[in-house]
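# Architecture at a glance
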Amino acid sequence: MTEIHKGLAGVVADNTAISKVNPDTNSLLYRGYPVQELAATQPFEAVAYLLWNGELPTAEQLAELRAEERKHRALAANVKAAIDLLPLTAHPMDEVRTAVSVIGASDVNGGGSVLDAAGTPEENLARSVRLYAALPAIVAYGQRRRRGEDLIEPRDDLDYSANFLWMTFGEESDPVVVEAFNRSMTLYAEHSFNASTFTARVITSTLSDLYSAVVGAIGALKGPLHGGANEAVLHIFNDIGTAANVVPWLDTALAEKRKIMGFGHRVYKRGDSRVPTMKAALDTLVEHYDRPDVAELYDALESEFVSRKGIYPNLDYPSGPAYNLIGFDTLTFTPLFIASRVTGWTAHIMEQTAANALIRPLSAYNGVDERHIEGYVPDAGALAAAERPEEQA
Ligand SMILES: CC(=O)SCCNC(=O)CCNC(=O)[C@H](O)C(C)(C)COP(=O)(O)OP(=O)(O)OC[C@H]1O[C@@H](n2cnc3c(N)ncnc32)[C@H](O)[C@@H]1OP(=O)(O)O
Ligand SMILES: O=C([O-])CC(=O)C(=O)O
């Protein structure tokens, strides 16, 4: 009997030097650095540099990356035009996915033969930086157009996180808010072979191009079992209303065997390494916006669900309410995840390309037994194939 690894659970598919998720020690390392230390000390630009290059940048390297990021911040006219063609009812994940497709199709190096699609390491690093630089404007404009607001141009005097918030809200954010947002970007950036990253690696393994791999990864991230959970957490919070409603709400949800979004993880079974850092960032926002009710609901749902099921929150649980307090629309939450995770995805795309093997697992067939079309008379080719059954396996 063939052993099936449903959902590839527990399967080690390849090596990676980008991050280490260790559920036994509840730790997460990016290129060897604990993510908590990075979140507390580094701007997101430095974390992106680390993921791509393996080392934290020197002051000069950081300045170079920041200069390059600023060059590609503005929303390109063709990308804006493509977004504007989409209905306002389109999900923002579909909007960002479309925008990345447009960027990919417009990349001059992306033209030509499929044999050149994979690109050189230098081309792929440059594409990664450009895409990372372009995403905030796409996400920010998406939220603004849904609100009936105009595009806001980027500000050269602001670093990545402050500029992202500027382009979204059209006003400078308080340093407390910028700091919490920057932490969330760092915490979301990378997590080994999660579903979206693995999708990107599968696409890359066919020697397809970086943009196609990112488009596929966005599709995988959208689902509520993965990145879509940060949006789903807010739907749950809105549904519950206040901390006082948690017990009856949970009684019903569990009786209906519903999944409680923002809880549980394929790898971590005793809590997600990133949650305490993001919860601390949420606490600063709760204080800044004077919204103790948010913390009360957060704590009540967490303690009730953990005590009943022994299943702990994942990163999407504190991120959802944090993004809500900052002022992002609920549907914008998972696009924010894209803006961060594009750094991890592209690091994996480059790693996969550097030591490639086509990713193509086997399946165990459990369909109907072989059967034949009535009246079919085998031709010479079919007869020859039937004589070599081992070649058809
Ligand atoms: C950044 C991220 O992408 S983190 C993940 C974000 N996703 C979510 O928050 C969605 C909610 N969580 C889940 O659906 C799951 O915990 C997953 C998909 C993340 C992990 O799933 P798996 O490792 O495959 O665990 P699986 O889904 O098999 O769960 C094991 C058991 O715990 C239960 N369980 C797991 N998570 C939850 C949950 N959030 N709510 C209710 N029950 C849950 C399952 O129903 C299952 O119960 P059973 O054995 O009685 O059937
Ligand atoms: O690792 C996973 O399966 C999901 C996750 O937490 C992430 O991608 O950040």
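So, here is what we can say about the structure in this document.

Thresholds, definitions, all that
- Residues numbered from 1 in each chain as written.
- Chains lettered and ligands numbered in written order.
- Predicted model: local features only at pLDDT ≥ 70, side-chain atom pairs only at ≥ 80, totals over all residues.
- Heavy atoms only, no water.
- 1 Å grid on protein atoms, 1.4 Å probe; cavity = no way out; pocket = protein on both sides within 12 Å on 5 of 7 lines; lining within 4 Å.
- Points joined across faces, edges and corners; volume = space filled by probe spheres on them.
- Helix = DSSP H or I, 4+ residues; strand = E, 2+ residues; numbered from the N terminus.
- Nonpolar A, V, L, I, M, F, W, Y, C, P; charged D, E, K, R; others polar.
- Near = heavy atom within 4 Å.
- Polar contact = N/O pair within 3.5 Å; in protein donor to acceptor, adjacent residues only side chain to side chain.
- Sits in = over half its atoms within 2 Å of the grid points.
- Salt bridge = Lys/Arg side-chain N within 4 Å of Asp/Glu carboxyl O.
- Buried < 20%, exposed > 50% of the residue type's maximum accessible area, 1.4 Å probe, protein only.
- Areas by Shrake-Rupley, 256 points an atom, 1.4 Å probe, with all protein chains shown as cover.
- Arc of directions from axis to C-beta.
- Contact = heavy atoms within 4.5 Å.
- Axes fitted to C-alpha atoms, helices over the stretch in contact; angles between N-to-C directions.
- Parallel < 35°, antiparallel > 145°, perpendicular 65-115°, else oblique.
- Left-handed = near helix turned anticlockwise from the far one by under 90°.

## Here we look at the layout of surface pockets
Taken as a whole, the largest pocket encloses approximately 1,500 Å³ of empty space. Together, 46 residues line the largest pocket, and Asn194, Ala195, His265, Arg266 and Val267 are the ones closest to its centre. Sorting the residues of the lining of the largest pocket by element identifies β1 (19-22), α9 (195-205), α14 (292-309) and α16 (333-354) as the ones contributing at least two each. Looking at the lining of the largest pocket element by element, the count peaks at three residues for β1. Partitioned by chemical class, the residues of the lining of the largest pocket number 23 nonpolar, 13 polar and ten charged.

## Comments concerning unusual backbone geometry
Phi is positive for Leu8, close to 55°, though the residue is something other than glycine. Position of Leu8 among the secondary structure elements: in the segment before β1.

## Let's talk about the site of ligand 1
Taken together, the neighbourhood of ligand 1 is formed by 19 residues, with His226, Ile260, Gly262, Phe263 and Asn314 sitting nearest. Between Lys259 and ligand 1, the recorded distance is 2.9 Å, taken from a side-chain N or O atom to an oxygen atom. The side chain of Arg266 places a nitrogen or oxygen atom 3.1 Å from an oxygen atom of ligand 1. When each cavity is represented as a set of grid points, ligand 1 is found to reside in the largest pocket.

## A closer look at the pattern of salt bridges
In total, this model carries 26 salt bridges according to the counting rule given. As a salt-bridge pair, Asp159 and Arg70 come within 3.0 Å of each other at their nearest N and O atoms. A residue pair is termed long-range when its members are at least 10 positions apart, and Asp159 in the loop between α6 (121-146) and α7 (160-169) and Arg70 in helix α3 (residues 59-71) qualify at 89 residues. The exposure class of Asp159 is partly exposed, given its relative accessible area of 33%. For Arg130, the salt bridge identified is with Asp107, shortest N-O distance 3.1 Å.

## What about the site of ligand 2?
In the region of ligand 2, the neighbouring residues are His191, Asn194, His226, His265, Arg274 and Arg341. Between an oxygen atom of ligand 2 and a side-chain N or O atom of His191, the distance comes to 2.7 Å. One of the side-chain nitrogen or oxygen atoms of Arg274 is found 2.7 Å away from an oxygen atom of ligand 2. Protein contacts shield 83% of the accessible area of ligand 2, which totals 260 Å² for the unbound molecule. Its atoms largely coinciding with the cavity grid, ligand 2 occupies the largest pocket. When grouped by side-chain class, the residues that make up the shell around ligand 2 number no nonpolar, four polar and two charged.

## Describing helix α12 (residues 246-255)
Among the residues of α12, those classed as buried are Val246, Trp249, Leu250 and Ala253. Axial view of α12: buried residues confined to an arc of 95°, hence all on one face. Those residues of α12 that are buried are in contact with α11 (229-240) and α14.

## Things to note about α7
Buried residues dominate α7, accounting for ten of its ten residues. Of all the positions in α7, only Tyr160, Ser161, Ala162, Asn163, Phe164, Leu165, Trp166, Met167, Thr168 and Phe169 are classed as buried. Where α7 is buried, its residues contact α2 (44-53), α3, α6, α8 (175-188), α15 (316-326) and α16. The positive-phi residue at the C-terminal boundary of α7 is Gly170, with phi of around 70°.

## Regarding the packing of helix α5 (residues 92-106) against α6
Contact geometry for α5 and α6: axes closest at 10 Å, N-to-C directions at 140°. Between α5 and α6, the interaxial angle falls into the category oblique. Once α5 is placed against α6, the crossing between them reads as right-handed. Residues Pro92, Glu95, Val96, Ala99, Val100 and Ile103 of α5 lie in contact with α6, whose contacting residues are Leu131, Ala134, Leu135, Ile138, Val139, Gly142, Arg145 and Arg146. Taken together, the residues of the contact of α5 with α6 break down into ten nonpolar, one polar and three charged.

The analysis is restricted to geometry; functional conclusions fall outside its scope.
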